[in-house]
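# What the coordinates show
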Amino acid sequence: MNLFNRVRIGAASALPLRPDANGQLKSRGRMSDASNAENSRREFLARACCLGGAGILGAGSSLTLAGNLPETNKVRLLHAPAICMAPQYLAQEFLRMEGFTEIEYIAVGTKPGPAVLANGQADFTMWFSPGLIPPMDDGDPIVVLAGVHAGCYELFGNESVNSIRDLKGKTIAVQWFGGGDHIFMASMLAYVGMDPTRDVHWVSGENSLQGAMDMFIDGRADAFLAFDPQPHEMRARNLGKVIVNTTLDRPWSQYFCCMIAANRDYVRRYPVATRHVVRAILKSADICSSDPERAARYLSDYGYETRYPVGLSVMRVLPYDRWRHANPEDTLRFHALRLYEVGMIKTNPNRLIEQGTDWRFLNELKREMKA
């Protein structure tokens, strides 16, 4: 089975997309849905322009200036089943305005997003910051360009778990070994003085019919790190209890969850296009922050999260304007230090940041967008 189902979205495309049970993208297929989504798209852009002005949209955003066109009109981004990545999906509208005419979303399947970037099968993605660090340590050809927002994850435990330290000797379910939830959880354990390689047992839902959440619900794990919309589903079913909410609880609430990463070769070959892509994603993050209702409606109409109340809750809770205020380097250093101390990465954190990041685009856009 092809894990990287490609969906081409041309400049005139209006047909909404939604992931199926296998995480692949399909059009809804009904003309009424397509019409509704096109109306939603137009309303979204109109509302974005009213909200943003020059501050959010940037000078000249409605028409890319001839001298500042991207070197390529094609860009490939990932699709993954996470509402917190909403700016990446909303960005398709702004990418058209930035001069891109071939926009593809590639379903990640069971492959980690950074691996898809490193293999050259995609050019950009938002991804969980801890999950970016091991491939950076391995020297994979990816580069981190910006932070977007904090939050996303909530640690759920059973009746025997009241704190992170209570996980010693317990079993933790993760989506897959080496994935964002696994590395993030390892960093959290290391922060409280535990060794994630010896003090806990790990189980993975990667090759199972049930994911990490179902393994926890079935009693095969004592805890799991849920990401949106899983926390909403857990609360709706009155299952488990929240041990850590990374949107609210320090120190994790002070650091980015999702960051923008790119294929290094794309950045090297197309620096102007890179700037345009990062700007489109950050514009979309501002819309999620300033008009969560409009962003949630867009996600619903396009099938990314059909449950409007769930999408709206995520848009309202996550700090999508964090990119304007926080230093993304601090996030990578915080997690890299924890992982370095317990031997999960070999590269000195300062060296890791020097080799695997490029903040030029973010710094320019902060000035342009008056962050």
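Residues numbered from 1 in each chain as written. Predicted model: local features only at pLDDT ≥ 70, side-chain atom pairs only at ≥ 80, totals over all residues. Heavy atoms only, no water.

This part takes up the overall build of the protein. Tallying secondary structure elements over the protein gives 14 helices and 13 strands in all. Residues counted as buried form 60% of the 371 residues belonging to the protein. Within the protein, counting contacts between residues at least 6 apart in sequence, those at least 24 apart form 79% of the total. For the protein, the computed accessible surface area is about 14800 Å², with 48% contributed by carbon and sulfur atoms. (Helix = DSSP H or I, 4+ residues; strand = E, 2+ residues; numbered from the N terminus. Buried < 20%, exposed > 50% of the residue type's maximum accessible area, 1.4 Å probe, protein only. Contact = heavy atoms within 4.5 Å. Areas by Shrake-Rupley, 256 points an atom, 1.4 Å probe, with all protein chains shown as cover.)

Per the stated rule, a full pass over the model turns up 15 aromatic pairs. Between Tyr89 and Tyr105 the ring centres are 6.0 Å apart and the planes differ by 45 degrees, which places this aromatic pair in the tilted class. In this pair, Tyr89 is assigned in helix α2 (residues 86-97) and Tyr105 in strand β5 (residues 102-107), connecting sequence segments 16 residues apart. Exposure remark for Tyr105: the relative accessible area of 0% places this residue in the buried category. Aromatic pair Tyr266 and Tyr270: ring centres 5.0 Å apart, planes at 70 degrees, arrangement edge-to-face. (Phe/Tyr/Trp six-rings, centres within 6.5 Å; stacked < 30°, edge-to-face > 60°.)

On to the side chain of Ser253, then. Relative to the elements of secondary structure, Ser253 occurs in the loop between β12 (241-245) and β13 (256-263). One polar contact links Ser253 to Gln254, side chain to side chain, over a distance of 3.0 Å. (Polar contact = N/O pair within 3.5 Å; in protein donor to acceptor, adjacent residues only side chain to side chain.)

Turning next to the confidence of the model for the protein. With 80% of its residues at a pLDDT of at least 70, the protein reaches an overall mean of 83. The low-confidence segment residues 1-34, where pLDDT is below 50, has 84 contacts with residues more than four positions distant or belonging to other chains. This model gives residues 50-67 a pLDDT under 50, and the stretch forms 28 contacts once residues within four places in sequence are excluded. (pLDDT = per-residue confidence, 0-100.)

Considering all chains together, one arrives at zero disulfides under this definition. Cys152 provides the cysteine sulfur closest to Cys257, a residue in no disulfide bond, and the two sulfurs are 3.5 Å apart. (Disulfide = S-S within 2.5 Å.)

This part takes up the pattern of salt bridges. A full pass over the atoms with the stated rule returns 21 salt bridges. Note that Arg96 and Glu93 form a salt bridge whose closest N and O atoms lie 2.8 Å from each other. Separated by three residues within a single helix, Arg96 and Glu93 lie in helix α2, roughly one turn from each other. Exposure remark for Arg96: the relative accessible area of 15% places this residue in the buried category. Across the pair Arg198 and Asp195 runs a salt bridge whose closest N-O atoms are separated by 3.0 Å. (Salt bridge = Lys/Arg side-chain N within 4 Å of Asp/Glu carboxyl O.)

Turning our eyes to something else, we now look at unusual backbone geometry. Generally, phi is negative for residues other than glycine and the peptide bonds are trans, each holding for most cases. In this chain, Arg250 is followed by Pro251 through a cis amide linkage whose omega measures 0 degrees. Here Pro251 is to be found in the loop between β12 and β13. The phi dihedral of Cys152 falls on the positive side, at around 85 degrees, and the residue is not glycine. Relative to the helices and strands, Cys152 resides in the loop between β7 (142-150) and β8 (153-157). Look at Asn238: it is not a glycine, yet its phi comes out positive at around 55 degrees.

Another point: α2. In an α-helix, one full turn covers 3.6 residues, which means residues spaced three or four apart are oriented alike. Here α2 lies mainly inside the structure; 12 of its 12 residues are buried. Regarding α2, the residues found buried are Ala86, Pro87, Gln88, Tyr89, Leu90, Ala91, Gln92, Glu93, Phe94, Leu95, Arg96 and Met97. In the stretch just after α2, Gly99 is the one whose phi turns positive, near 110 degrees.

Spatially, the five strands line up as an open sheet ordered β10-β9-β11-β8-β12, and their pairing is mixed. Whereas interior strands pair on both sides, the edge strands pair on one side only; in this sheet they are β10 (201-204) and β12. Strand after strand, the sheet turns through a mean of 30 degrees between neighbouring axes, direction not considered. Where β8 meets strand β11 (residues 223-227), five bridges bridge the pair, whose relative direction is antiparallel. Following the sheet pairing, Leu155 is matched in β11 by Leu225. (Pairing = 2+ DSSP bridges. Axes fitted to C-alpha atoms, helices over the stretch in contact; angles between N-to-C directions.)

Quick look at the pairing of strand β6 (residues 124-128) now. Most of β6 is tucked away, with five of its five residues classed as buried. Of the two faces of β6, the one lined by Phe124, Met126 and Phe128 and the one lined by Thr125 and Trp127 are each fully buried. Two elements, β6 and β13, share five bridges in a ladder whose sense is antiparallel. Counted as the bridge partner of Met126 is Ile260 from β13.

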